[in-house]
Amino acid sequence: MENSPETPVGVAAAADGTLLHALPLAPEALPPVAATALRAAWDAARRAAAAEAPGPARALLFMGADGVRRDLLLADADARCWALAVERLAGLDTTAGVALLVRLLALVDLLARVRFLDPLFDVSLGGTVFHPSLLDAAARQPLDQEGRFDAAAWRMLFEDRLGLRPADPAPAVSPTLSLARARRPAPPDSSGAYRP
């Protein structure tokens, strides 16, 4: 089955009220999105969070071509809120809408895990300012099997722009956002890096 950005996503409610979104592809096969759409999703999610408008718990059920199913549970209040905002903005009934949501969550997760991207964004009470290259990368860079961005690949992508040396040690990981709890990453290993 060909997976275009408009491939329908099956949506059903579980007995406990969790919305189940069934996708006929793996997280790493989600399509790119427009950087402007990602920016709009960020702003919508921020407004929804400020309004404390949590949506229902959700589970994204990915079925890859290899027959392996990977589930991404969005039970955390912040992730539920962001999902509701993206659903209102772009819908979560096509792969395009789910791709927008997963890329938004992956960007939030990445910004919480690494410090080398700090010069490319600023979060304040007045809003968030992003360097355009950061949003462009989040809109296009590949996702991994868990629907996350690979920090090492991003480091290489921004090495020259940020003056990073290839020999620099891996950035420290800081699980500061509640999204990390919702996605239940493995605890840091001895080097401080999260394991998928």
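Shown above is the structure to which this text applies.
Residues numbered from 1 in each chain as written. Predicted model: local features only at pLDDT ≥ 70, side-chain atom pairs only at ≥ 80, totals over all residues. Heavy atoms only, no water.

Caption draft 1: Examining the pattern of salt bridges more closely. Taken as a whole and assessed by the stated rule, the structure comprises 6 salt bridges. The residue Asp109 makes a salt bridge to Arg113 at a minimum N-O spacing of 2.9 Å. Here Arg113 and Asp109 lie together in helix α3 (residues 95–113), a separation of 4 residues that amounts to about one turn. In this structure Asp109 comes out as buried when scored by relative accessible area, which is 3%. Assessed through its relative accessible area of 11%, Arg113 is described here as buried. Ionic pairing is found between Asp109 and Arg148, a salt bridge with its closest N-O pair at 2.9 Å. With Asp109 in helix α3 and Arg148 in the loop between α4 (132–140) and α5 (151–162), this residue pair connects regions lying 39 residues apart in the sequence. Each of the two residues, Asp109 as well as Arg148, counts as buried. (Salt bridge = Lys/Arg side-chain N within 4 Å of Asp/Glu carboxyl O. Helix = DSSP H or I, 4+ residues; strand = E, 2+ residues; numbered from the N terminus. Buried < 20%, exposed > 50% of the residue type's maximum accessible area, 1.4 Å probe, protein only.)

Caption draft 2: Structural context of the packing of aromatic side chains. Tallied over the entire structure, the rule returns 4 aromatic pairs. Here the aromatic cluster, defined as three or more aromatic residues joined through ring pairs, consists of Trp42, Phe121 and Phe130. We note Arg155 situated over the ring of Phe116; from NZ or CZ to the ring centre the distance is 5.6 Å. (Phe/Tyr/Trp six-rings, centres within 6.5 Å; stacked < 30°, edge-to-face > 60°. Lys NZ or Arg CZ within 6 Å of the ring centre and 35° of its normal.)

Caption draft 3: Quick look at helix α2 (residues 77–90). Helix length check: α2, at 14 residues, gives a terminal C-alpha distance of 20 Å against a target of 20 Å (1.5 Å per residue), a fit within 8%. All buried positions along α2 are accounted for by Ala79, Cys81, Trp82, Ala83, Leu84, Ala85 and Val86. Between a side-chain oxygen at the N-terminus of α2 and the backbone nitrogen of Asp78 the separation is 2.8 Å; the capping residue is Asp76. Where α2 ends, the next residue or the one after it, Gly91, has phi of about 80 degrees, a positive value. (Expected span 1.5 Å × (residues − 1). Polar contact = N/O pair within 3.5 Å; in protein donor to acceptor, adjacent residues only side chain to side chain.)

Caption draft 4: Highlighting the packing of α3 against α4. Running from amino to carboxyl end, α3 crosses α4 at an angle of 125 degrees, the nearest separation of the two axes being 9 Å. One finds that α3 runs oblique with respect to α4. With respect to the hand of their crossing, α3 and α4 are arranged in right-handed fashion. Residues Arg103, Leu107 and Leu111 of α3 touch α4, and the partners they reach there are Leu134, Leu135, Ala138, Ala139 and Arg140. For the contact of α3 with α4, the residue count by class is 6 nonpolar, no polar and 2 charged. (Axes fitted to C-alpha atoms, helices over the stretch in contact; angles between N-to-C directions. Parallel < 35°, antiparallel > 145°, perpendicular 65-115°, else oblique. Left-handed = near helix turned anticlockwise from the far one by under 90°. Contact = heavy atoms within 4.5 Å. Nonpolar A, V, L, I, M, F, W, Y, C, P; charged D, E, K, R; others polar.)

Caption draft 5: Inspection of the nonpolar core at higher detail. Residues Leu30, Leu60, Val98, Leu107, Leu117, Leu134 and Trp154 are the most contacted members of the largest nonpolar core, which totals 51 residues. Elements that contribute at least two residues to this core include exactly α1 (35–50), β3 (58–63), β4 (69–74), α2, α3, α4 and α5. Sorting elements by how many residues they give to this core places α3 first, with 12 residues. When neighbours within four sequence positions are excluded, Leu60 is seen to be in contact with His21, Leu23, Arg70, Asp71, Leu72, Leu74, Val98, Leu101 and Val102. (Core = buried A, V, L, I, M, F, W, Y, C linked by side-chain atoms within 4.5 Å.)

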